[in-house]
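# Summary of the model geometry
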Amino acid sequence: MDTALVCLLALAAAQFVRAQEPGPAALIERGHWKRARALVDEHLRKSPNDPEYLFFQSQIRNAFGDHSTPLPLAEKAASLAPNVGRYHRQLAEVIGVMAQYANPFRQLLLARRFRKEIDAALALDPRDVQANRDLLEFYLLAPGIAGGDRRQAEEFARQIAKLDAAEGYLAEARIAGLEKRTADEHASLRRAVESSPRDYRARMALAQFDMQPEHRYPDEAEAQAKAALAVDSGRAGAYAILAEVYAQQSRWSALDALLSDSAREVPDDRIAWFRAAQPIIASGRDLGKAEQYLRTYLGQEPEGNEPAASEAKRELTRVAVLQQRAPGGPAPAEGTVQ
């Protein structure tokens, strides 16, 4: 075959592969923050003023616990493309995170700025479900002096339902949960799943509710997590729920098989190992397994929006202390767990 033709075919094949790879938005939606970060950082090295990628980078830095750079990144994206609603939404979300760590006076100032940006986002794109959710959270959590209003939150839940039925039920569940109306919260979560059976987020919300200690329904949590896996086996969340269920019930063979599946399907995210360690530590039994799982979790950088390495190391120290206290446990080691 002609050499030039071979080169052209190879180039076309490489371009096809790149075209098939998910972009940053899809990766972020599925929780693949590290993969998105690699794409975004590479793109911004070549095009440092691309507002879409500055928007992505602000989200990614936020997910990895950076409290300094997400704001200027979001501000730059919004200034470069002021008529794109999601850029103002991201700016509002960064401000909302900042408010969580601010003193009461600064919280009031940040609340005003949050409203300015989220109102701009919704004016530009009223159908942005996430922006509507953000404003609902503001009404639920902000003090009255800053604009918090439960009745407005309920109105926004109805508004979200008009855009997306499942998201509307999730909004209802969020309000019911804050008001300690457990039965209503559970019912709304179930309606979210029933209204959109292939909605991964709705399945996970119900499974997470089922795993809470005050109303634990492990069988339902397992069913919902398995249904979520059927929707998308490339996300880590469902593996994490199942790992916790199996560890609670000492179903070690099932847990081993699940962790093997997770390692194959989501190799860059080991949250299932961290979650498997939690019920073991709580029970005080099989602590060697908890140590193994935590060390596996620490074997690579944690994903965005997941427990930091420092938290996993604290859990390892906790395991070491429990092991020392156990009858016949190892002698106390010098120093702390590394």
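Residue positions within a chain follow its written sequence, with the count starting from 1. For this predicted model, a pLDDT threshold of at least 70 governs which residues receive local features, and a threshold of 80 or more governs which side-chain atom pairs are given and counted, while totals over whole chains, interfaces and linings are taken from all residues. Side-chain numbers come from the whole structure's heavy atoms, not from hydrogens or water.

### Describing the overall build of the protein
For the protein, the helix and strand inventory stands at 18 helices and 0 strands. Across its three principal directions, the C-alpha atoms of the protein cover 70 × 65 × 45 Å. Whether a residue is buried, partly exposed or exposed follows from its accessible area with a 1.4 Å probe, protein chains only, as a fraction of its type maximum: under 20%, in between, or over 50%, in that order. In the protein, which comprises 338 residues, the proportion classed as buried is 42%. Here the analysis covers contacts within the protein between residues at least 6 apart in sequence; of these, 53% occur between residues at least 24 apart. Side chains of the protein give 44 positive and 47 negative charges; the mean places of these two sets differ by 2 Å. Labels follow the DSSP assignment, with helices taken as runs of H or I lasting at least four residues and strands as runs of E lasting at least two, numbered in each case from the N terminus. Residues count as neighbours in contact if any of their non-hydrogen atoms are within 4.5 Å of one another. Two residue types count as positive, namely Lys and Arg, and two as negative, namely Asp and Glu; His and chain ends fall outside the count. For the purpose of locating charges, the reference atoms are NZ of Lys, CZ of Arg, CG of Asp and CD of Glu.

### Some thoughts on helix α14 (residues 237-248)
When the terminal C-alpha atoms of α14 are compared, their 17 Å separation across 12 residues agrees well with the 16 Å that a helix rising 1.5 Å per residue should span. Burial analysis of α14 places 10 of its 12 residues in the buried class, the great majority of the element. Every buried residue of α14 is listed here: A238, Y239, A240, I241, L242, A243, E244, V245, Y246 and A247. Among the structural elements, α12 (200-211), α13 (218-231), α15 (252-265) and α16 (271-283) are those in contact with the buried residues of α14. Positive phi shows up at S250, right after α14, with a value of about 55°. To estimate how far a helix should reach, multiply one less than its number of residues by 1.5 Å.

### Concerning the side chain of Q224
Tracing the sequence through the fold places Q224 in helix α13. Look at Q224 and you get buried, because its relative accessible area is 7%. Discounting chain neighbours no more than four positions away, the residues touching Q224 are R190, V193, R203, L206, A207 and D210.

### Section: the pattern of salt bridges
When a carboxyl oxygen of Asp or Glu lies within 4 Å of a side-chain nitrogen of Lys or Arg, that pair is called a salt bridge. One pass over the structure, following the stated rule, counts 24 salt bridges. As a salt-bridge pair, D128 and R89 come within 3.1 Å of each other at their nearest N and O atoms. One end of the pair, D128, is in the loop between α7 (104-124) and α8 (129-141); the other, R89, is in helix α6 (residues 85-100), with 39 residues separating them in the sequence. Given a relative accessible area of 9%, R89 falls into the buried group. With a shortest N-O distance of 3.3 Å, E179 and R150 are connected by a salt bridge. Of this pair, E179 sits in the loop between α10 (165-178) and α11 (182-195) while R150 sits in helix α9 (residues 150-163), and the two are 29 residues apart along the sequence.

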